[in-house]
Amino acid sequence: MKIGAYMLWAATAVGTGLIVLLGYFVQLDAAAPIGLLGTIFGLRLLIMRWAVLLAAVGLVLGLVNLFTVHWRKISDQERGWGYSALLILTFFITLILGLVFGPDSRVVLLLFNAIQLPVEASLGALLAITLTLAGFRTLQRRRDLIGLAFIFTALLVLIGSGPGIVPNASPGFELFSGLRNWLAQVAAAGGARGVLLGVALGSILTGLRVLLAIDRPYGD
Amino acid sequence: MVEFSLDLIGMLFGALLTLMVFSYVIKDNVLFRIAMYLFIGVASGYAGAIAVRNVILPALVDPLLGSGGLNVLGWEALGTFLIPWVLAILMTLKLSPRLARFGSLPIAMLVGVGAAVVVGGGITGTLIPQSLAAADSLAPENIFPATGEPLSIWLERAVSALIVLLATISTLVYFRFAAQRDLTGSTRRSRLTAILAYIGRVFIAVTFGVMYAGALTAAILILGQRFEFLRQVINTLIGGS
Amino acid sequence: MCSTLNPAEAETCVSCGARLKPLVAGGAHPEAEEPRFDDLPAGGEGEPDEPDDWLARIRAGVSEEPEPEPEEPPAPTYSETATGSPEWLSGMRNAEDPYNQGGPDEAIPEWMDEFIAAGEGEEPKSEEGDDVPEWLARVRARKAFQPQEDSDSGESVDDDWLNKLRSVPEPEEGALEELEQAEPGLEGLLPREDQPAAGEPPVEEQILPDLKPGAGQDPYPTPPAIDLGVLSDLPGVPGSPRALGSQAEEQEPEAVARRVSASGFGIDWGEGEGKPPDEGVAEDESGMPHVPALVSDESGERPVVEIDESSLASIELPAWLDNLTPQPGVEQAEEFEQEEGAVEEPDLAPATLPSWLEAMRPVDTFRSEIEIVPEDVQAVESVGPLAGLRGVLMAEPVVAIPRTSSATAARLEVTERQYAQGELLHRLIEEEQRESMIMRRPSRPIPLARWIISFLMLLAVLLPPSFSRLGLHGFSHPVDIPRELVPLQGLVNSVPTDRPALIVFDYTPGYSGELDNVAGALIQHALSRAIPLVTLSTRPTGPPLAERLLSELGAPYAAINGQAYLHLGYLAGGPTAVQLFAISPRDAVLTGFLVPETGGEAALGLGPQARAAVWQHPLLSGINRLSDFGMVVVITSGTETARNWAEQTHPWIGDSPLVMVLTAGAEPLVRPYYESTTPLVNGILTGLPAALAYENLNGQQSSAGDVWNIFGIGMLTVELILLAGALYGAAAWLLSLRKR
């Protein structure tokens, strides 16, 4: 595309973005605004509806790409193409059943409860073993004040959170519980606030670069 | 006698998949991969079905099939029907390498709206409130003791406020990676910045330690729930209930 | 020679003029019969092939009466110049070979008149008005000044030019000897200080014996004179001294030394009688030696060409001959001479090349091992410009036959750069031939730590059901109540029951094991208060999770779908959708999930009425904004989702409280929203201990208590493992410090 199309894309992004951004700084009453402000408000709602629709379309396009990738894997007989065949088979079965009977049909819910829920829950359960192993090796791989602070904070929070080495009814549990609360609500809260501010600043700067057409991730 | 209903079959299949996933503890194997690809297929198919049925069809098709229909030539249809159709079709052109450039319009709109939402929410929801909250740490009502307040409590409150403020500032300083070039040509932070940044690293480590403990707690509970589920399946098969 | 096709009868090539048919004495066609020199007519017999063949005419003039040449001046009477004129010139005329059949057809050049007149003792005729060349005029003028000298020397005035040749300045000292040593064949050609010994014929005669007019019959046809120039000294070139030297194996050394190229001197001026070369020094009537043009003797006899050294002494030699230095070949020549001198038999060694020619030889050329056959057995070239000559190198034996290289040819001169490149190439080839080592896969270490930890944790979670059998009491419930639980309880208690509460299920099925238990405490509280619940999710898996949890928790309270709770379904779009839902929920959600009024199960096919019926449900009546909900509860496992809901909903939530039900890991990053001056989050519930405490606070019995023992034993195991790892790491660290 030449320069003309590129400017059209930038104008679209900047224009729609500014209209949506305006709604954050102009507090509107419960009653529907009238006049120019009302028009802008209505346009803002319309644009966001389009964005919601396009997000769903984008999800479907992502699934199409997923199918294409695995279909190519099957066509080229690459290593592990059998798994891709299984994926495509289950994908089409679930999709067709969901489109025909609806995602809230009993059959589809059965697939969800029998396959997706157990597998995803089991993966979460495996996370416990992985996290425990990582915690066990922390001080072996990072022998500094940072690693020390990390692992001892975790131990204190675990001990003070619930039953464990120090039972809830024991006298010492109150100490660890208080320590745990102080760590979570004071020390960690300060650090978390700083992290949140840093993340917010980064997000705002990135968004402003897009709204000012400095960054153009949408291409030419 | 066990009545094999669909729910029981589903439960048995779920237990089998649970064991296949747990086999990863030994090492990566075929059973684990089968369970993974099965899960991805079902999850993606379900996501596609719910996106089409709950979002796309109601927005693009139902206006035509609804009661009374929709005057596609009217002004109302322009914003609620025609333009969404055009945008959706343009977005699907992204699948074609030759026509992908025509899909840049809806993508640009998505990017612009997303950026505005992030900017607006970040400023009004995080930046200002959190900054005000950090500033309020030094408010007189927080620093000075209240009437009749025990000293220990006041000290604890004051110290906590100061620590929270110190943690906030030092963490922000740590994320600032700007440095000055000295006479030798090497870049380094100023001494005060370096000290504050190191303190911020410690507070970040404490924060992440708390988050790690929370995640571990959740994972332990999930693990217990999974084995509880397996026990229930076994009991069902044994007990027939 | 130029590969041009010519008619069969053509004598010469139409394009390059090369002779196509060999010259045969008497005009015999070469194709008819290979001419044999014995059969060749004597000089003068037969008509020349070409009317304008001056050589033929010369020959004819030898045997026949000289044809009248009307335009020619009277032919010089060389007989009169027997004492004065150059004898070799006379011999040229009287050459016996058929090729010396006379002089050129055209008139005798005027410059020859001088010599003729000198021989006659008369002044050359010079006609009035003749255009005398300048050089000739100078010669005459010089001659006019030197008549006395010539007369004093006792020689005829006619021998003026010959005297000049004799008076050629002597070469440098030693140069003559060097030249002789290099070229034995030149020995007789070089002017010598010493005159020929008494009794010996003059130098000229010694050198050019064949130039004397001999018998008119010359069985050896002589080709036209060819100015070979430098080539005359090359081997193999007919007439070159070397060739003569190599061929004359049977000749005496002296005779060989006196041989001279007959080609340059085989001109028969038409006078004198030529004699066969093998008859010794043939002299014509004027006494000139006769040198046949070709040294070709098929009969095996070699013509002996006597050369009059005296006649050659006065030959003015080119200057380059003076600079000749002894070359390696000179040694060979010396040896040759010694051998020649020692050996009586005419066993001639091969002649050596002059030094300058030796220097021209390519370093790595092959040395032909082909023996050069004697000249007398060599075939006569029949075609091409060398037609009629003997000793012509044949292309085929030289090119086609593979030759072995000599030892010296294997020696290469290699520069440093070439050597380096050769080494590089050699190295590359060696690397190609080298077998590549098989890269073995690095053996994976046994995950012993992972196996042990997994076994311990699996053992731990399997143990609680056996507590009673083991006589163990379960873990006690938490006593302390977190400070945020009381406000939360108050919030839930303050929610109006005529307004639904929005429950957002924004967590993945993987966290359902924890969040179902944690959120269950709050949902139970809300159900216990009969607060209508409306579910929503920004994830595709949210609606089924919501249905699963609510159907399970609602059973004790007889809460069923469509009465106590309703599902709005899936909200696509992330933060944008949350903002849109906060402003206008009806525009954000167009259809529900498992809406009971559609039959519980969606009808087959597309049903807009079914899909749009969710907003027509009584539970959602009056809901136009987010603030119309009595409470918003967000159940999430990620901080990002919690932050999005907190940031996007706060301008539109109004007085409705926003409660966060979080996993334990997300609490630190959400608490700042809760603990701020203007909190965006009004209530927070995180972790199983808090949920259990909340249930205890409300006096409820929920699923959280059922998993408390499992949770406890798991926590104990993990704490012990982490403690062991920390102690092990610290000990290793201290040991490493001690080692340093």
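Just so you know, these numbers come straight off a predicted model, no measurement behind them.

What is the right way to read the overall build of chain A from this model?
What chain A contains, in helices and strands, is seven helices and zero strands. Taken from the N to the C terminus, the helices and strands of chain A come in the order α-α-α-α-α-α-α. In chain A, which comprises 220 residues, the proportion classed as buried is 49%. By sequence separation, contacts in chain A at least 24 residues apart represent 34% of the contacts at least 6 residues apart. Just so you have it, chain A exposes about 9,700 Å², and 70% of that area is on carbon and sulfur atoms.

Sorry, what's going on with the overall build of chain B here?
Secondary structure summary: chain B contains eight helices and two strands in total. When the helices and strands of chain B are placed in sequence order, the string is α-α-α-α-α-α-α-β-β-α. Per-residue burial over chain B gives 49% buried out of 241 residues. Counting only contacts in chain B whose residues sit at least 6 apart along the sequence, the fraction spanning at least 24 positions is 38%. Accessible surface, chain B: about 11,900 Å² in total, of which carbon and sulfur atoms supply 70%.

Would you take a moment to explain the environment of Ala666(C) for this structure?
Residues and elements named next belong to chain C. Following the sequence through the fold, Ala666 ends up in the loop between β5 (658-662) and α25 (667-674). Here Ala666 falls in the buried class, since its relative accessible area comes to 2%. On a C-alpha basis, the gap between Ala666 and Thr636 in space is 8.6 Å, while along the polypeptide they are 30 residues apart. The contact partners of Ala666, leaving out residues within four places of it in the chain, are Ser637 and Thr639.

Would you explain the interface of chain A and chain B in this entry?
By a frequent convention, interface size equals the accessible area lost on bringing the separate parts together. Taken together, the contacts link 103 residues of chain A with 106 residues of chain B. On the chain A side of the interface with chain B, the three residues burying the most area are Leu54(A), Tyr83(A) and Arg193(A), jointly 8% of the side's total. Between the two partners, chain A and chain B, sit zero salt bridges. Remark: the boundary between chain A and chain B carries nine residue pairs in polar contact (both at pLDDT 80 or more). At the level of secondary structure, the elements contributing two or more residues to the side of chain A that touches chain B comprise α1 (3-25), α2 (35-75), α3 (81-101), α4 (106-136), α6 (145-161) and α7 (171-211) of chain A. Looking at side-chain class alone, the side of chain A that touches chain B contains 74 nonpolar, 22 polar and seven charged residues.

I would appreciate a short explanation of the interface of chain C and chain A in the present structure.
In this assembly, 73 residues from chain C lie in contact with 63 residues from chain A. Counting the surface lost from both chain C and chain A, the interface buries some 5,700 Å², and carbon and sulfur atoms represent 70% of this. On the chain C side of the contact with chain A, Glu719(C), Leu722(C) and Trp733(C) bury the most area, a combined 11% of that side's loss. The residue Arg49(A) makes a salt bridge to Asp587(C) at a minimum N-O spacing of 3.9 Å. Inspection of the region where chain C meets chain A yields seven residue pairs in polar contact (both at pLDDT 80 or more). Contributions of two or more residues to the side of chain C that touches chain A are made by α16 (448-462), α20 (542-553), α21 (575-583), α24 (639-649), α25 and α27 (708-739) of chain C.

When you look at helix α1 (residues 6-22) of chain B in this model, what are you seeing that I'm missing?
Note that an α-helix has 3.6 residues per turn; residues three or four places apart therefore point the same way. Between the first and last C-alpha of α1(B) there are 24 Å, a value that for 17 residues agrees with the 24 Å anticipated at 1.5 Å per step. All of the buried residues in α1(B) are Leu8(B), Gly10(B), Gly14(B), Ala15(B), Leu17(B), Thr18(B), Met20(B), Val21(B) and Phe22(B).

Can you help me understand helix α19 (residues 512-528) of chain C in this one?
The largest bend in α19(C) amounts to roughly 35° and is located at Gly520(C). Most of α19(C) is tucked away, with 16 of its 17 residues classed as buried.

Which parts of the structure should I look at to understand the packing of aromatic side chains?
Centre-to-centre distance and the angle between the planes together describe a pair of aromatic rings. A complete count under the given rule lists 13 aromatic pairs over all chains for this structure. With centroids separated by 5.2 Å and ring planes inclined at 85°, the aromatic side chains of Phe67(A) and Phe92(A) adopt a geometry described as edge-to-face. Here Phe92(A) lies in helix α3 and Phe67(A) lies in helix α2, a separation of 25 residues in the sequence. Note on Phe112(A) and Tyr46(B): the rings are 5.7 Å apart at their centroids and 35° apart in plane angle, and the pair reads as tilted. Here Tyr46(B) lies in helix α2 (residues 30-60) and Phe112(A) lies in helix α4, a pairing that spans two chains. For the pair Phe112(A) and Tyr46(B), one class covers both residues: buried. Every member of this aromatic cluster is reached through a ring pair, and the members are Phe67(A), Trp71(A), Phe91(A) and Phe92(A). Here the guanidinium or amino end of Arg44(A) rests over the ring plane of Tyr24(A), the centre of that ring lying 5.3 Å away. Above the plane of the ring of Tyr24(B) lies Arg450(C), whose end atom (NZ or CZ) is 5.7 Å from the centre.

Quick question: what am I supposed to make of the sheet that holds β5(C) here?
Picture the strands of a sheet paired through backbone hydrogen bonds; they go either parallel or antiparallel. Residues and elements named next belong to chain C. Overall, parallel pairing links the six strands, which are arranged β3-β2-β1-β4-β5-β6 in an open sheet. Strands at the two margins of the open sheet, each flanked by one partner only, are β3 (565-570) and β6 (683-686). The sheet shows a mean angle of 15° between the axes of neighbouring strands, taken without regard to direction.

Looking at this model, I keep getting lost on unusual backbone geometry. Mind explaining?
Most peptide bonds take the trans configuration, and most residues that are not glycine carry a negative phi. Even without glycine at this site, Gln77(A) takes up a positive phi of about 55°. Positive phi, normally seen in glycine, also occurs at Ala530(C), with a value near 60°. In this structure, Ala530(C) sits in the loop between α19 and β2 (533-537).

Mind showing me how you'd approach the pattern of salt bridges here?
Two side chains of opposite charge can pair, provided their charged atoms sit close to one another. As enumerated under the stated definition, the model contains 14 salt bridges over all chains in all. Across the pair Glu675(C) and Arg671(C) runs a salt bridge whose closest N-O atoms are separated by 2.9 Å. Salt bridges sharing partners connect three or more residues here, namely Arg180(A), Arg483(C), Glu484(C), Glu667(C), Arg671(C) and Glu675(C).

Before we go on, may I ask you to explain the environment of Gly574(C) in this structure?
Mapped onto the secondary structure, Gly574(C) falls in the loop between β3 and α21. The exposure class of Gly574(C) is partly exposed, given its relative accessible area of 29%.

Even after reading the chapter, I still don't get a nonpolar patch on the surface, so can you show me in this structure?
On the surface, a cluster of nonpolar side chains totalling about 810 Å² of accessible area is made up of Ile26(B), Ile446(C), Leu448(C), Trp451(C), Ile452(C), Phe455(C), Leu456(C) and Leu459(C). Tracing the sequence through the fold places Ile452(C) in helix α16.

When you look at the confidence of the model for chain A in this model, what are you seeing that I'm missing?
Low pLDDT marks regions whose predicted coordinates should not be analysed in detail. Residues at a pLDDT of 70 or more form 95% of chain A, whose mean pLDDT is 89. Here helix α5 (residues 138-141) of chain A stands out as the element of chain A with the lowest mean pLDDT, 84, in contrast to α3(A), whose mean of 95 is the highest.

What is the right way to look at the confidence of the model for chain B in this model?
Residues and elements named next belong to chain B. Mean pLDDT over chain B: 87, with 94% of residues reaching 70 or higher. Considering each helix and strand of chain B separately, the mean pLDDT is smallest for strand β1 (residues 180-181), with a value of 72, and largest for α2, with 94. For this predicted complex, the interface score ipTM comes out at 0.92, alongside a pTM of 0.64.

Whenever I open this one, a negative patch on the surface confuses me. Can you help?
A contiguous patch of negative charge on the surface is contributed by Glu423(C), Glu430(C), Glu431(C) and Glu432(C). Residue class for Glu431(C) comes out partly exposed when judged on its relative accessible area of 42%.

Can you help me understand the packing of α2(A) against α2(B) in this one?
In helix packing, the relevant descriptors are the interaxial angle and the interaxial distance, both defined with respect to the helix axes. Between α2(A) and α2(B), whose axes approach to 9 Å, the crossing angle comes to 145°. Handedness of the crossing formed by α2(A) with α2(B): left-handed. Facing Val52(A), Leu53(A), Ala56(A), Val57(A), Leu59(A), Val60(A), Leu63(A), Leu66(A), His70(A) and Lys73(A) of α2(A), the residues of α2(B) in contact are Tyr37(B), Ser44(B), Ala47(B), Gly48(B), Ala51(B), Val52(B), Val55(B), Ile56(B), Ala59(B) and Leu60(B). Of the residues assigned to the contact of α2(A) with α2(B), the class counts are 16 nonpolar, three polar and one charged.

Explanation requested: the nonpolar core in the structure shown.
Most often, soluble globular proteins keep nonpolar side chains buried together rather than apart. Counting residues in hydrophobic clusters, the biggest one holds 96 residues, and the most contacted among them are Leu502(C), Leu568(C), Phe581(C), Leu620(C) and Met660(C). Counting residues per element, this core draws most heavily on α2(A), which supplies twelve residues. Not counting the four nearest positions on each side in its chain, Phe581(C) is found in contact with Leu502(C), Leu536(C), Leu568(C), Leu571(C), Ala588(C), Val589(C), Leu626(C) and Phe629(C). Listed in part, the 68 residues of the second largest apolar core include Val210(B), Phe229(B), Ile721(C) and Leu722(C).

Hey, could you run me through the pairing of β2(C) in this one?
Two faces make up the sheet, and in a regular strand the side chains alternate between them. Residue and element names in this part refer to chain C. Most of β2 sits out of view: five of its five residues are buried. Judged by which residues are buried, β2 turns out to be covered on both faces: Leu533, Thr535 and Ser537 on one side and Val534 and Leu536 on the other are all buried. Two elements, strand β1 (residues 501-506) and β2, share four bridges in a ladder whose sense is parallel. Within β2, the residue paired with Ala501 across the bridge is Leu533. In terms of handedness, the path from β1 via α19 over to β2 forms a crossover that is right-handed.

Calculation rules
- Residues numbered from 1 in each chain as written.
- Chains lettered and ligands numbered in written order.
- Predicted model: local features only at pLDDT ≥ 70, side-chain atom pairs only at ≥ 80, totals over all residues.
- Heavy atoms only, no water.
- Helix = DSSP H or I, 4+ residues; strand = E, 2+ residues; numbered from the N terminus.
- Buried < 20%, exposed > 50% of the residue type's maximum accessible area, 1.4 Å probe, protein only.
- Contact = heavy atoms within 4.5 Å.
- Areas by Shrake-Rupley, 256 points an atom, 1.4 Å probe, with all protein chains shown as cover.
- Buried area = accessible area lost by both parts, 1.4 Å probe.
- Salt bridge = Lys/Arg side-chain N within 4 Å of Asp/Glu carboxyl O.
- Polar contact = N/O pair within 3.5 Å; in protein donor to acceptor, adjacent residues only side chain to side chain.
- Nonpolar A, V, L, I, M, F, W, Y, C, P; charged D, E, K, R; others polar.
- Expected span 1.5 Å × (residues − 1).
- Bend = angle between axes of the 7 residues up to and from the residue.
- Phe/Tyr/Trp six-rings, centres within 6.5 Å; stacked < 30°, edge-to-face > 60°.
- Lys NZ or Arg CZ within 6 Å of the ring centre and 35° of its normal.
- Pairing = 2+ DSSP bridges.
- Axes fitted to C-alpha atoms, helices over the stretch in contact; angles between N-to-C directions.
- Patch = residues over 30% accessible without salt bridge, like charges linked within 9 Å, V, L, I, M, F, W, Y side chains within 5 Å.
- pLDDT = per-residue confidence, 0-100.
- Lys, Arg positive; Asp, Glu negative; His and termini not counted.
- Charge placed at Lys NZ, Arg CZ, Asp CG, Glu CD.
- Left-handed = near helix turned anticlockwise from the far one by under 90°.
- Core = buried A, V, L, I, M, F, W, Y, C linked by side-chain atoms within 4.5 Å.
- Right-handed = clockwise from strand over helix to strand, strands pointing away.

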